Amino acid sequence: MYFALVYYPNIDNEAFHSFRRKYDPWHFLLPPHLPFVFPIPVEIGRKKLENHINMVLHKWVKFEVRFNTIEKTRDHWMFLGAGKGKEKVVRLHDELYTDILSPHLRTDLPFDPHIGLGVFSTQKYDFNHPEAKSELDLARFHKALDEFRRLKFEIDCNIDRLVLVEINADFTQCKDLRTFLLA
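These numbers were taken from a predicted model, which means no experiment stands behind them.

Draft legend 1. Quick look at the sheet that holds strand β6 (residues 155-159). Pairing is antiparallel across the open sheet formed by four strands, whose spatial order is β5-β4-β3-β6. A single partner strand is all that each edge strand has here, and the edge strands are β5 (114-119) and β6. Neighbouring strand axes in the sheet, compared pairwise and without regard to direction, differ in orientation by 30° on average. Relative to β6, strand β3 (residues 63-72) is paired through five bridges, and the arrangement is antiparallel. Its bridge partner being in β6, R66 is matched across the sheet by D156. In this fold helix α1 (residues 14-23) packs onto β4 (77-82) and β5, with an angle of close to 50° to the strand it touches most, β5.

See below:
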């Protein structure tokens, strides 16, 4: 089992959701989300984690972020990336990965604020080993890229809350545990 901390943007656009259902094999697991803390083992302890999140968030006020860039990661995910407000998301992410979370910071994967759109690897993606070598399905990626560009989609978000979620070990079920409000 894992914990993660996410923000759920309010996306009321059926074409966006249809795109995600088509290209993200885990669209059923979580609604569109901006991850702040990636999956970490529940052995860290829920109470300790909630206390840490509260400690970090107590000095944060809500802030705006615009998602308007398309990015491809080295592990072949397509992301809707942050433009305006990106530096605040990165700063909050970095502050969350202090103290009890510092051993769980993935330094092998750079943090780019994003909403996942789909994965374009020729092999099955492994959340436990995102660094595993895989090949890009180039034709499928370019088809999806053209399709998403035609949507001309961007979203403005007001980051005012983060949600602690619990994900099962095989990444097939997820449930919201607690919502943390920013001032």
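Next comes the rest of the description.
Draft legend 2. Summary view of the packing of aromatic side chains. Tallying each qualifying case throughout the model produces 12 aromatic pairs. Ring geometry for Y2 versus F171: centroids 5.2 Å apart, planes at 25°, classification stacked. Taken as a pair, Y2 in strand β1 (residues 2-7) and F171 in the loop between β7 (161-167) and β8 (174-181) lie far apart in primary sequence, 169 residues in all. There is no split in this pair, since Y2 and F171 are both buried. Ring centres of F16 and F148 lie 6.3 Å apart, and the angle between their planes is 70°; on these two criteria the pair is classed as edge-to-face. A residue pair is termed long-range when its members are at least 10 positions apart, and F16 in helix α1 and F148 in helix α4 (residues 138-151) qualify at 132 residues. Judged by relative accessible area, F148 falls into the buried class, the value being 1%.

Calculation rules
- Residues numbered from 1 in each chain as written.
- Predicted model: local features only at pLDDT ≥ 70, side-chain atom pairs only at ≥ 80, totals over all residues.
- Heavy atoms only, no water.
- Pairing = 2+ DSSP bridges.
- Helix = DSSP H or I, 4+ residues; strand = E, 2+ residues; numbered from the N terminus.
- Axes fitted to C-alpha atoms, helices over the stretch in contact; angles between N-to-C directions.
- Contact = heavy atoms within 4.5 Å.
- Phe/Tyr/Trp six-rings, centres within 6.5 Å; stacked < 30°, edge-to-face > 60°.
- Buried < 20%, exposed > 50% of the residue type's maximum accessible area, 1.4 Å probe, protein only.

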